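# Architecture and fold: a report
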Amino acid sequence: MINFLASVLDMAKIPYLKDEPLAPKSTFKVGGRAKLFVKPQNIEQFISAVAGARNSELPYFVTGGASNVVFPDGEYNGAIISTSDVKEIFYESDTFEADGSVLVTCQCGVPMAAFVDFCTKKCLSGAEQFAGLPGTVGGAVYMNARCFECSISDILYSTKHLEFNGKIQNRKEYLFNPAEWDYKKSPFQTNINDSKKYILEATFRLTPKPEAREQIASDCKKFIAERVEKGHFKFPSAGSVFKNNHSFGKPSGKLIDECGLKGLKAGGAQIAPFHGNFIINTGNATAADIRSLVQSAQKSVKEKFGFDLEPEIIFV
C-alpha cells in the first residue's frame with residue numbers, strides 16, 4: 001500500500017519524504033517517523049495526494065503547521081500530508097463589499113503569521129488578535145481558533161473545500177453561516193458516514209484603514225507581547241490543551257490549578273508551572289507522556305468539580 005501511494009505521488013510529481021521524523025514538524029516537538037511525509041505544492045497536488053491516500057486505504061492525516069497536533073510515538077504506518085507549501089494569498093484592493101469591507105483569500109497552508117502580516121502591510125483591520133498565533137489558516141478555520149475574545153469565524157466570509165463521501169470527491173464553496181459555528185467549533189469538524197471535509201482556501205472580510213497603519217501594527221505587537229508574557233513560547237507546546245466551557249464558571253486552566261496539578265510531570269511532559277492549561281515538552285516528551293497528563297487532568301477535574309474537560313489538541 002505504501003508503494004502504491006508512492007507510485008501515485010511519483011506519477012503526479014508530488015514531493016514526499018520516506019521515513020521522515022515527525023517531531024521537528026510540530027510545535028510540541030513530539031513524534032516518531034512517518035512512512036511518507038507528503039508535501040503538495042499547490043491545491044491540485046493537495047487534492048491528488050488526499051485522493052491517493054484514500055484510494056490506497058492507508059492511514060493518513062492532513063496537517064498545516066501542526067500547532068495543535070500530537071504526532072504518535074514510534075512509526076506512523078501511513079502518510080502525513082502537509083499543506084505548508086500551499087500558501088498563496090489573493091486580494092483585490094479596488095473591490096469593496098456593500099459595507100466598505102474588502103476580501104482577502106488565503107490558501108489553506110498560509111501561516112497565520114503571514115496572513116496577519118499581509119493585513120498589517122495593506123492597512124486592513126480585523127485580524128490583529130491573531131498576531132503570534134502559530135499554525136496555518138486551514139487549521140485556524142478548522143478549529144475556529146479564538147484569541148483575545150475574537151474567533152476566526154468573526155472575520156470569515158467563505159471557504160472552498162474538498163469533500164469526500166466514501167470514494168466520491170467534490171469541490172464545494174461554503175458561504176459563512178453563523179448558525180454552524182460556535183466556540184472552537186466549525187462545520188469542518190464533523191465526520192459522519194465516512195464524509196470528510198478538507199479546507200482548500202478561506203476568504204476573510206477585513207476593514208481598510210489606510211490612516212491606521214501604525215495602530216494596526218501596534219495592536220499586533222501588543223497581542224504578541226501578551227503571548228510572550230503568558231509563556232506561550234517558553235517551551236515546545238500546543239498552547240491551550242483544553243477548551244474553556246462557560247458552564248464551568250472558570251477557565252479550564254483555573255480548574256486544573258485548583259486541583260493542584262500545575263507542575264505535574266509525566267516523563268518529559270509537564271503541566272506548565274506558569275499555566276494550568278498548557279502542557280509543555282521539557283526536552284524528551286512522548287505522545288504517551290502528554291496523553292497521560294491529559295487523562296490526569298480530566299480525572300482530577302471530574303472528581304473535584306464534576307466537569308468533563310474537552311481537549312482541543314488532536315492526537316494523531
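Residues numbered from 1 in each chain as written. Predicted model: local features only at pLDDT ≥ 70, side-chain atom pairs only at ≥ 80, totals over all residues. Heavy atoms only, no water.

### Observations regarding the sheet that holds strand β16 (residues 269–271)
- Taking strand neighbours across the sheet as the criterion, the 4 strands line up as β14-β17-β16-β15 in an open arrangement whose pairing is antiparallel. If you trace the sheet from one side to the other, it starts and ends with β14 (237–240) and β15 (265–266), each paired once.
- Bridge count for β14 against strand β17 (residues 278–281) is 2 bridges, and the pairing is antiparallel. Within the sheet, the bridge partner assigned to Ser 240 lies in β17 and is Phe 278.
- Those strands touched by helix α7 (residues 287–305) are β15, β16 and β17, and its axis lies near 25° from that of β16. (Pairing = 2+ DSSP bridges. Helix = DSSP H or I, 4+ residues; strand = E, 2+ residues; numbered from the N terminus. Contact = heavy atoms within 4.5 Å. Axes fitted to C-alpha atoms, helices over the stretch in contact; angles between N-to-C directions.)

### Side note on the side chain of Lys 184
- Secondary-structure assignment places Lys 184 in the loop between β12 (168–175) and β13 (195–208).
- Residue Lys 184 is classed as buried on the basis of its relative accessible area, which comes to 10%.
- Beyond its immediate chain neighbours, meaning those up to four positions away, Lys 184 contacts Met 143, Asn 144, Arg 146, Gln 189, Lys 243 and Glu 312. (Buried < 20%, exposed > 50% of the residue type's maximum accessible area, 1.4 Å probe, protein only.)

### Details of the pattern of salt bridges
- Going through the model one piece at a time under the given rule, you end up with 17 salt bridges.
- Across the pair Lys 160 and Glu 201 runs a salt bridge whose closest N-O atoms are separated by 3.8 Å. With Lys 160 in strand β11 (residues 156–165) and Glu 201 in strand β13, the pair connects residues that are 41 residues apart, well separated along the chain.
- When its relative accessible area of 36% is taken as the criterion, Lys 160 is described as partly exposed. (Salt bridge = Lys/Arg side-chain N within 4 Å of Asp/Glu carboxyl O.)

### Structural notes on helix α1 (residues 2–11)
- Residues of α1 that are buried: Ile 2, Leu 5, Ala 6 and Leu 9. The buried residues of α1 occupy one face: seen down the axis, they fall within an arc of 100°. Among the exposed residues of α1, those oriented more than 90 degrees off its buried face are Asn 3 and Met 11.
- Of the surrounding secondary structure, the elements contacted by the buried residues of α1 are β1 (16–21), β2 (33–38), α2 (43–56) and β5 (75–82).
- Taken from the residues just after α1, Lys 13 is the one with a positive phi, measuring 55°. (Arc of directions from axis to C-beta.)

### A look at unusual backbone geometry
- One non-glycine residue with positive phi stands out, namely Lys 13, at about 55°.
- Among the structural elements, Lys 13 can be located in the loop between α1 and β1.
- Located in the positive-phi region is Phe 148, a residue other than glycine, with phi close to 50°.
- On the secondary structure map, Phe 148 appears in the loop between β9 (146–147) and β10 (150–151).
- Overall, Phe 148 belongs to the partly exposed group, its relative accessible area being 24%.

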